[in-house]
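Architecture at a glance
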Amino acid sequence: MRVIKIGGAQMGPIQKAEDRASVVARMIALLDRAAEQGCGLVVFPELALTTFFPRWKEHEADIPSFYEDAMPNAATQPLFDRAKAHGIAISFGYAERTPEGRRFNTSILTDRTGAIVGKYRKVHLPGHVEYDPERTHQHLEKRYFEPGDLGFPVWRNEGAVMGMCICNDRRWPETWRVMGLQGVELVVLGYNTPSVNSQMGDEGLEKRLYHSELSITSGAYQNACWAVAVAKAGDEDGHPLMGGSIIVDPNGFVVARAQTEGDELIVADADMDACNFGKETIFDFARHRRIEHYGRITAQTGATPPQD
Ligand code: CDV
């Protein structure tokens, strides 16, 4: 058995005016709770340090203040220090600005000493570049970030093979399979998913939660890996985000689920050896995959139906 006690540290809303010190204090409180329960890894959401600022076009002058120029930095160092003191590996998302001024929606993974062992930059950016008057609310990720340039790497960490993705990435089977092909045993991800569809107001929260869960459970099952998916939830300055954080086993079953839309820790004992059966049988890729038929996956983006 290779058991990692995983904590999914769902976070409630972060208002636009809330500063990094306050947010980091909330993250440390969740970390302390995870330490009490014996967690070895704690996963926080996408853009965990700030409000979900890609919704804002009207506050564009404030946007530069939401990026981090280094990680760790003065504001987040206390989080790294506390994680190291507890001996807990962590993962969280933030808006990254490089020395060249490039901007990415990024997440990092540490080991239990607080050393960063992995960095991921979100590949599948949803939304749009320009203000869209047809939508009930804006989703300007394509304006404020460029697509990630690091692919979907995995890392050996704390006795397991771990990978990361971010929010919208979870909906794309390619995300999971590229990590699956590297033997991933645990995928960690955070998300900020609006509770309302900006282009279909009557879609309903239930369907949005279902689609999130469907994406994660199928990704975990089809790649015989664990998954931890952690929300930033609740009402951010009048903009509702859904909760529904879950931990999923390699059979695709949800083994822990958040009940609230606030700061909440969910915990599960995850035996990495539970991945072995799926990886050695029905999803033994080396025996069963037929790559001669998969060329379209990397050769084209949009669908091309046959002509009438
Ligand atoms: N932050 C996100 O990537 N959100 C998307 C929304 C816009 C659909 C998501 O996939 O949850």
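Relevant structure appears above.
The paragraphs below set out a description of the structure included in this document. (Residues numbered from 1 in each chain as written. Predicted model: local features only at pLDDT ≥ 70, side-chain atom pairs only at ≥ 80, totals over all residues. Heavy atoms only, no water.)

**Topic: the environment of Gln259**
Positionally, Gln259 belongs in the loop between strand 13 (254-257) and strand 14 (264-271). Classification of Gln259 as exposed rests on a relative accessible area of 66%. A distance of 3.3 Å separates the side chain of Gln259 from the backbone oxygen of Arg257, its partner in a polar contact. (Helix = DSSP H or I, 4+ residues; strand = E, 2+ residues; numbered from the N terminus. Buried < 20%, exposed > 50% of the residue type's maximum accessible area, 1.4 Å probe, protein only. Polar contact = N/O pair within 3.5 Å; in protein donor to acceptor, adjacent residues only side chain to side chain.)

**Some points on the sheet that holds strand 2 (residues 41-43)**
What the six strands build is an open sheet, ordered 5-4-3-2-1-14; its pairing is mixed. The open sheet has two edge strands, strand 5 (116-121) and strand 14, and neither has a second partner. Taken over all neighbouring pairs, the strand axes of this sheet differ in orientation by 25 degrees on average, direction set aside. (Pairing = 2+ DSSP bridges. Axes fitted to C-alpha atoms, helices over the stretch in contact; angles between N-to-C directions.)

**Focus on the sheet that holds strand 12 (residues 246-248)**
A sheet is described by the order of its strands in space; here six strands give the open sequence 6-7-8-9-12-13, paired in mixed fashion. Because the sheet does not close on itself, it has two edges, and the strands there are strand 6 (154-157) and strand 13. Strand-to-strand, the axes of this sheet are offset by a mean angle of 20 degrees, without reference to chain direction. Two elements, strand 7 (residues 160-166) and strand 8 (residues 186-191), share five bridges in a ladder whose sense is parallel.

**Side note on the pairing of strand 4 (residues 103-110)**
Burial runs high along strand 4: seven of the eight residues are buried. As defined by bridge partners, strand 3 (residues 89-97) adjoins strand 4 across seven bridges and the pair is classed as antiparallel. Across the sheet, residue Tyr94 finds its bridge partner in strand 4, namely Thr106. In textbook terms, the turn of a hairpin is the stretch between consecutive antiparallel strands, and for strand 3 and strand 4 this stretch comprises five residues, one of which, Gly101, has a positive phi near 90 degrees.

**Side note on the site of the ligand**
In the vicinity of the ligand, the contacting residues are Glu46, Phe52, Lys122, Pro126, His139, Glu141, Cys167, Asn168, Arg170, Arg171, Asn192 and Thr193. Between an oxygen atom of the ligand and a side-chain N or O atom of Arg170, the distance comes to 3.3 Å. Asn192 places a polar main-chain atom, nitrogen or oxygen, 3.1 Å from a nitrogen atom of the ligand. Looking at the shell around the ligand residue by residue, the classes come out as three nonpolar, four polar and five charged. (Near = heavy atom within 4 Å. Nonpolar A, V, L, I, M, F, W, Y, C, P; charged D, E, K, R; others polar.)

**Concerning helix 5 (residues 205-222)**
With 18 residues, helix 5 should reach 26 Å at 1.5 Å per residue; the first-to-last C-alpha distance of 26 Å fits that figure. Every buried residue of helix 5 is listed here: Arg208, Ser212, Ser215, Ile216, Thr217, Gly219 and Ala220. As for helix 5, its buried residues are in contact with helix 4 (173-180), strand 8, strand 9 (226-231), strand 12 and strand 13. Remark: Ala224 follows helix 5 within two positions and exhibits a positive phi of approximately 50 degrees. (Expected span 1.5 Å × (residues − 1). Contact = heavy atoms within 4.5 Å.)

**Structural notes on a nonpolar patch on the surface**
A cluster of nonpolar side chains, Ile291, Tyr294 and Ile297, forms an exposed patch at the surface whose accessible area comes to about 310 Å². As for its position among the elements, Tyr294 is in the loop between helix 7 (285-288) and helix 8 (295-299). Of the residues examined, Tyr294 reaches a relative accessible area of 32% and is grouped as partly exposed. (Patch = residues over 30% accessible without salt bridge, like charges linked within 9 Å, V, L, I, M, F, W, Y side chains within 5 Å. Areas by Shrake-Rupley, 256 points an atom, 1.4 Å probe, with all protein chains shown as cover. Salt bridge = Lys/Arg side-chain N within 4 Å of Asp/Glu carboxyl O.)

**Comments concerning the packing of aromatic side chains**
Inspection of every chain in the model, using the stated rule, returns nine aromatic pairs. Ring centres of Phe92 and Tyr94 lie 6.0 Å apart, and the angle between their planes is 50 degrees; on these two criteria the pair is classed as tilted. Comparing Phe92 with Tyr94, the two get one shared label, buried. Taken together, the aromatic side chains of Phe53, Phe66, Tyr67, Tyr144 and Phe145 make up a single cluster linked through ring pairs. Note that Arg121 overlies the ring of Phe104, its terminal NZ or CZ placed 4.1 Å from the centroid. (Phe/Tyr/Trp six-rings, centres within 6.5 Å; stacked < 30°, edge-to-face > 60°. Lys NZ or Arg CZ within 6 Å of the ring centre and 35° of its normal.)

**A word on unusual backbone geometry**
Here Met71 and Pro72 are connected by a cis peptide whose omega angle stands at 0 degrees. With respect to the element layout, Pro72 can be found in the loop between strand 2 and helix 2 (77-86). Of note, the phi angle at Glu158 is positive, near 50 degrees, even though the residue is not glycine. Summarising the element assignment, Glu158 is placed in the loop between strand 6 and strand 7. Unlike most non-glycine residues, Asp237 shows phi in positive territory, near 50 degrees. Checked against the element boundaries, Asp237 lands in the loop between strand 10 (234-236) and strand 11 (239-241). Residue classification places Asp237 among the partly exposed residues on the basis of a relative accessible area of 36%.

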